[in-house]
Amino acid sequence: MSAKDKLIVALDVQTIDEADVLIRNLKDVAGMFKVGSQLFTLAGPRLVEAIIKAGNKVFLDLKFHDIPHQVAGASRVVAELGVSLFTIHASGGTEMMKRAVDSVAEVSERAGVERSQIVAVSVLTSMDAAALAEIGVNTSPAESVAKLVKLAESAGVDGVVASPREAATTRSTTREGFLIVTPGIRPSETANEDQKRVATPAAALRDGADYLVIGRPITSAADPVAAANSIVAEMEAVSG
Ligand code: C5P
């Protein structure tokens, strides 16, 4: 994969027009576009279809977490839409994850389309030890992440979403080829040394990330294309 292919631009915008402008301007600079809950709730599957029809790849970040039957059904629809990558919650359990994996396999066999890849979310980065304890989880965030990553791997999903803080450990404890998708990236010129949860694009790649999800440093920049190009250049310095 080239550096460009590894860059996922998060379309966290409030209108379809804003998303359209970003997609048109960034389609040759980024490898994929992330559609999350906000944009999907606004624009729905027709926007996802339109982005794919225009020749782009989509990372659908809806973090499915429901009974296995529901998640299997939703995963089938996502795979039929032609989404390249999508998220489910590892805390939904082995059966839920396996049913999602089976659904996408079935769709790709039946329709002969490229199989969507599934990445599991372990612990949301907004959850600290106190927030986990509140919901009855008494292991530390790091231990909870490690446990859920292994559960996701054994359920057969393609990879996980891992913060820069978790990427290196995840890389060293999972099988070769297990995907790591890393958000929380800030380009070196804007990175704040005090923000331990963010990493530069180069650092995240060195820690083993396969894809970088980057939103505001690109989408809120005065010149999003220049910002994306500069990030890709920084990534190329690592990945060649
Ligand atoms: O911060 P930025 O705008 O680059 O975020 C891009 C994407 O990464 C967002 O869509 C958000 O869902 C995700 N993110 C995350 N965990 C974080 C920070 C951002 O999953 N700690």
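Colleague: What is the right way to read the overall build of the protein from this model?
Modeller: When helices and strands are counted, the protein shows ten helices and eight strands. For 240 residues, the compact-globule estimate of 2.2 N^0.38 gives 18 Å, and the C-alpha radius of gyration of the protein, at 17 Å, lies within 12% of that figure. When the accessible area of the protein is evaluated, it comes to approximately 11,500 Å², of which 50% is carbon and sulfur surface. Of the charged side chains in the protein, 24 are positive and 30 negative; the average position of the first set lies 2 Å away from that of the second.

Colleague: Please explain the nonpolar core as it appears in this structure.
Modeller: Considering soluble globular proteins, one finds that nonpolar side chains tend to be buried as a cluster. Residues Leu-7, Phe-86, Ile-88, Met-97 and Val-157 are the most contacted members of the largest nonpolar core, which totals 61 residues. Considering every element that reaches this core, the biggest residue donor is helix 4 (residues 94-111), with six residues. Residues within four places of Ile-88 in sequence aside, it is in contact with Lys-63, Phe-64, Val-71, Met-96, Met-97, Ala-100, Ile-118, Val-119, Ala-120, Val-121 and Val-157. Grouped together as the second largest cluster of nonpolar side chains are twelve residues, Ile-8, Met-32, Val-119 and Tyr-211 included.

Colleague: Can you walk me through the site of the ligand in this structure?
Modeller: As a structural note, the neighbourhood of the ligand is formed by Ala-10, Asp-12, Lys-34, Thr-125, Pro-183, Arg-186, Val-213, Ile-214, Gly-215, Arg-216 and Pro-217. The contact in question runs from an oxygen atom of the ligand to an N or O atom on the side chain of Arg-186, over 2.7 Å. Here an oxygen atom of the ligand sits 2.7 Å away from a polar atom, N or O, in the side chain of Arg-216. Contact with the protein chains hides 74% of the accessible area of the ligand, taken as 450 Å² for the molecule alone. The set of elements that each furnish at least two residues to the shell around the ligand consists of strand 8 (211-214) and helix 9 (216-219). The residue inventory of the shell around the ligand, partitioned by class, reads five nonpolar, two polar and four charged.

Colleague: When you look at the packing of helix 3 (residues 68-81) against helix 4 in this model, what are you seeing that I'm missing?
Modeller: The description of two helices packed together rests on the angle between their axes and the distance between the axes. Look at helix 3 against helix 4: their axes get within 8 Å of each other, and the N-to-C directions meet at 30°. Taken together, the axes of helix 3 and helix 4 lie roughly parallel to each other. When the axes of helix 3 and helix 4 are compared, the crossing they make is right-handed. Residues Pro-68, His-69, Val-71, Ala-72, Ser-75, Arg-76, Ala-79 and Glu-80 of helix 3 pack against Glu-95, Met-96, Arg-99, Ala-100, Ser-103, Val-104, Glu-106, Val-107 and Arg-110 of helix 4. Partitioned by chemical class, the residues of the contact of helix 3 with helix 4 number eight nonpolar, three polar and six charged.

Colleague: In this structure, what is going on with the environment of Pro-224? I would like to understand it.
Modeller: By the element assignment, Pro-224 lies in helix 10 (residues 224-239). As a C-alpha pair, Pro-224 and Val-29 span 195 residues in sequence and 9.9 Å in three-dimensional space. With residues up to four places along the chain from it excluded, the contact list for Pro-224 reads Leu-22, Leu-26, Ile-218 and Thr-219.

Colleague: So what exactly am I meant to see when it comes to the pattern of salt bridges here?
Modeller: Opposite charge on two side chains permits pairing when their charged atoms draw close. Within the structure shown, the criterion is met by nine salt bridges. In this structure, Asp-61 engages Lys-34 in a salt bridge whose closest nitrogen and oxygen atoms are separated by 2.9 Å. Remark: Lys-34 occurs in strand 2 (residues 32-36) and Asp-61 occurs in strand 3 (residues 58-64); sequence separation between them is 27 residues. Using a relative accessible area of 12% as the deciding quantity, one classes Lys-34 as buried. Among the ionic pairs, Lys-63 bridges to Asp-61, the shortest N-O distance being 2.9 Å. Several salt bridges share partner residues, and in doing so they unite Arg-76, Glu-80, Glu-106 and Arg-110 into one network.

Rules of the game
- Residues numbered from 1 in each chain as written.
- Predicted model: local features only at pLDDT ≥ 70, side-chain atom pairs only at ≥ 80, totals over all residues.
- Heavy atoms only, no water.
- Helix = DSSP H or I, 4+ residues; strand = E, 2+ residues; numbered from the N terminus.
- Rg over C-alpha atoms; globule rule 2.2 N^0.38 Å.
- Areas by Shrake-Rupley, 256 points an atom, 1.4 Å probe, with all protein chains shown as cover.
- Lys, Arg positive; Asp, Glu negative; His and termini not counted.
- Charge placed at Lys NZ, Arg CZ, Asp CG, Glu CD.
- Core = buried A, V, L, I, M, F, W, Y, C linked by side-chain atoms within 4.5 Å.
- Buried < 20%, exposed > 50% of the residue type's maximum accessible area, 1.4 Å probe, protein only.
- Contact = heavy atoms within 4.5 Å.
- Near = heavy atom within 4 Å.
- Polar contact = N/O pair within 3.5 Å; in protein donor to acceptor, adjacent residues only side chain to side chain.
- Nonpolar A, V, L, I, M, F, W, Y, C, P; charged D, E, K, R; others polar.
- Axes fitted to C-alpha atoms, helices over the stretch in contact; angles between N-to-C directions.
- Parallel < 35°, antiparallel > 145°, perpendicular 65-115°, else oblique.
- Left-handed = near helix turned anticlockwise from the far one by under 90°.
- Salt bridge = Lys/Arg side-chain N within 4 Å of Asp/Glu carboxyl O.

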